[in-house]
Amino acid sequence: MDAASETLDRTTELTVRRARGGRGPATWGQRAIHSALVRLGTEAPRYNLRLAAPVGPGTEPAAVLRAYAELLDLHDALRTRLVVEDGDLVQVVDADGVLPVALLHRDTPERAAADAADLAAAYAAEPFDLARGWPLRLALVLVDGLVRQAVIVLSHTAADGWGMRRMVRDLMLLTAGRTAGELRAEREFAQPLEEAAEQCSPRGRRRDAAARRHWREKLALGPRALLPRPAAEPDPERPFPYALLRSPALAAALPVAAARLRSSDATVLLAAAATELARLGGQRGFLCQVVVGNRFTGQAAEAVTTLAQEGLFHLPEVADEFAETVRRAHGPALTAYRHSGYDKPKLDADLAELRSAGVELADHSVFWNDTRDPLAALMPDGTEQAAAVERELSFPDVFPARPGVSVAVDVVMVPGAVELRMVVDGALLDREQMAQFLCGVEELVLGAAG
């Protein structure tokens, strides 16, 4: 950064007045993420969501600042603080407030993009004070007086991945000149206080009780160890290797395989993962926690908030034929989705009570997170680069130990390909076995597609 650029950098403020406000119980999603952040302590910022996105071909700062202000008005979650009162988590939605926005000036688009990425990383590395401040940080990077990059960082208590994509879509519409009032009139969507009211209703309490009952029942039935355990107690500082498979062929084959097997592509992928991990562990059955978007209604589908929670997927027996495994997975997958909304602290208390009573719970340390979202098709996708995408299997990083996790896989849609991103306990699987799993999932889907 040169001295001339530094002297142009400054901070402006967004002011919100007379927006929707109020207070009430926290939602199930807010409670789940808040409790996870408390447990993580200084590691909590790794849950923050960040975005550094191009704004082309360049937009007047006043237009983007207006869009930011309209976005704050439109979505209550962006003005929601989480406060512990009398031992319970309460959400407070501020009707009025001020949010700083950094304005950075750079001399070239390339420097603007690089500094926007650096700023997003720096913003994401800092914890949020969720009780005192709003759960987002904003910045703009300008070249020749026009905005070329927008920087947004959210606390996970404000939105999940699905919610953030909806927020970006709305920001694009607002930057193009729409208003919060117009978007609110065009479509209905749940706000966090309304979501909490539904969850506290008799119907919501029945849903919570049914979900927690489902978890208790399935954890009594699933395999006690999905992967062979080491004879000696593993090193608490052991590495967790990270592997990535980027596969254009998998992206092309998924819809074909789903059509041939008369299933959803999400179930086909989940069945392939169950097959390969059961094979590695020498098991016939499979159980994992599946991250579910919980956006099954129109109002939930449009919401910018944190709704995603884990469902429990239990496949009693993997079949010899993959097509039969897909068929068997259909019902358990739907059941997992149906019971993926619940009061997480209450579920934790249920499971702690079972353990204290001497009940051995099934191994539920495998996590499957299919993040693909049809809405992503509306975002800038870099299609012009898609033709250059090649298949790649790599091991780009190693992470610190993750308590309670043996395997975690994210499914991510990228231009021209699907990526499988896998983190494992290095005491349970080595890199060769990770490659076997990832390539095995790919081969099963390609085989099903013919």
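Residues numbered from 1 in each chain as written. Predicted model: local features only at pLDDT ≥ 70, side-chain atom pairs only at ≥ 80, totals over all residues. Heavy atoms only, no water.

Draft legend 1. Region of interest: the pairing of strand S8 (residues 146-154). Of all nine residues that make up S8, seven are buried, and the element is covered over most of its length. Pairing of strand S3 (residues 49-59) with S8, which is carried by seven bridges, proceeds in the antiparallel orientation. Along S8, the bridge assignment pairs Arg50 with Val153. Note that strand S7 (residues 136-143) and S8 share eight bridges and pair antiparallel. Paired with Val141 across the strands is Gln149, a residue of S8. Hairpin connection from S7 to S8: two residues lie between these consecutive antiparallel strands, with Asp144 at a positive phi of about 55 degrees. (Buried < 20%, exposed > 50% of the residue type's maximum accessible area, 1.4 Å probe, protein only. Helix = DSSP H or I, 4+ residues; strand = E, 2+ residues; numbered from the N terminus. Pairing = 2+ DSSP bridges.)

Draft legend 2. Region of interest: helix H4 (residues 109-124). With 16 residues, H4 ought to run about 22 Å at 1.5 Å a step, and its terminal C-alpha atoms sit 22 Å apart, in line with that. Here H4 has its buried residues at Ala112, Asp115, Ala116, Leu119, Ala120, Tyr123 and Ala124. Seen end-on, H4 carries its buried residues on one side only, within an arc spanning 170 degrees. Of the exposed residues in H4, the ones pointing more than 90 degrees away from its buried face are Glu110 and Asp118. As for H4, its buried residues are in contact with S3, strand S6 (97-106), S7 and S8. (Expected span 1.5 Å × (residues − 1). Arc of directions from axis to C-beta. Contact = heavy atoms within 4.5 Å.)

Draft legend 3. View of the confidence of the model for the chain. Mean pLDDT over the chain: 92, with 95% of residues reaching 70 or higher. Looking over the chain, one finds the lowest element-wise mean pLDDT in helix H14 (residues 383-386), namely 45, and the highest in helix H15 (residues 431-449), namely 98. Low pLDDT, under 50, characterises residues 1-5; the stretch is placed with nine contacts to residues that sit more than four places away or in other chains. In the model, residues 376-386 has pLDDT below 50 throughout and makes 13 contacts with residues more than four positions away in sequence or in other chains. (pLDDT = per-residue confidence, 0-100.)

Draft legend 4. Examining the environment of Pro345 more closely. Here Pro345 is to be found in helix H13 (residues 344-356). In this structure the C-alpha to C-alpha distance between Pro345 and Ala32, which are 313 residues apart in sequence, comes to 7.0 Å.

Draft legend 5. Summary view of the packing of helix H10 (residues 265-281) against H15. Packing of H10 against H15 leaves a shortest axis separation of 9 Å and a crossing angle of 140 degrees. Taken together, the axes of H10 and H15 are oblique relative to one another. The way H10 lies across H15 gives a crossing that is right-handed. Only Gln433, Gln436, Phe437, Gly440, Val441, Leu444 and Val445 of H15 make contact with H10, whose side of the interface consists of Val268, Leu269, Ala272, Ala273, Thr275, Glu276, Leu277 and Leu280. Residues of the contact of H10 with H15, tallied by class, amount to ten nonpolar, four polar and one charged. (Axes fitted to C-alpha atoms, helices over the stretch in contact; angles between N-to-C directions. Parallel < 35°, antiparallel > 145°, perpendicular 65-115°, else oblique. Left-handed = near helix turned anticlockwise from the far one by under 90°. Nonpolar A, V, L, I, M, F, W, Y, C, P; charged D, E, K, R; others polar.)

Draft legend 6. Local environment of the pattern of salt bridges. Applying the stated criterion to the full structure yields 36 salt bridges. Here Arg203 ties to Glu198 by a salt bridge, and the two come within 2.9 Å at their closest N and O atoms. For Glu198, a relative accessible area of 32% translates into the label partly exposed. The residue Glu276 makes a salt bridge to Arg279 at a minimum N-O spacing of 2.8 Å. Residue Glu276 and its partner Arg279 are both found in helix H10; the two are separated by three residues, about one turn of the helix. For Arg279, a relative accessible area of 56% corresponds to the exposed category. (Salt bridge = Lys/Arg side-chain N within 4 Å of Asp/Glu carboxyl O.)

Draft legend 7. Representation of the UniProt feature "domain: Condensation" (unreviewed entry) in the chain. Following the UniProt record, one finds the feature "domain: Condensation" (unreviewed entry) at residues 45-370. The distance separating the terminal C-alpha atoms of residues 45-370 is 22 Å; by composition the span is 44% helix and 24% strand. (UniProt positions renumbered as here; feature names shortened; annotations may be inferred.)

Draft legend 8. How the structure looks around the sheet that holds strand S4 (residues 80-85). With antiparallel pairing, the three strands of this open sheet are ordered in space as S2-S5-S4. The strands lining the two open edges of the sheet, one partner per strand, are strand S2 (22-25) and S4. If you compare each strand with its neighbour and ignore which way they point, the axes differ by 25 degrees on average. Both S2 and strand S5 (residues 88-93) contribute to a ladder of four bridges, which runs antiparallel. Its bridge partner being in S5, Gly22 is matched across the sheet by Val93. Here helix H2 (residues 28-40) sits on the sheet in contact with S2, S4 and S5, set at roughly 115 degrees to S5.

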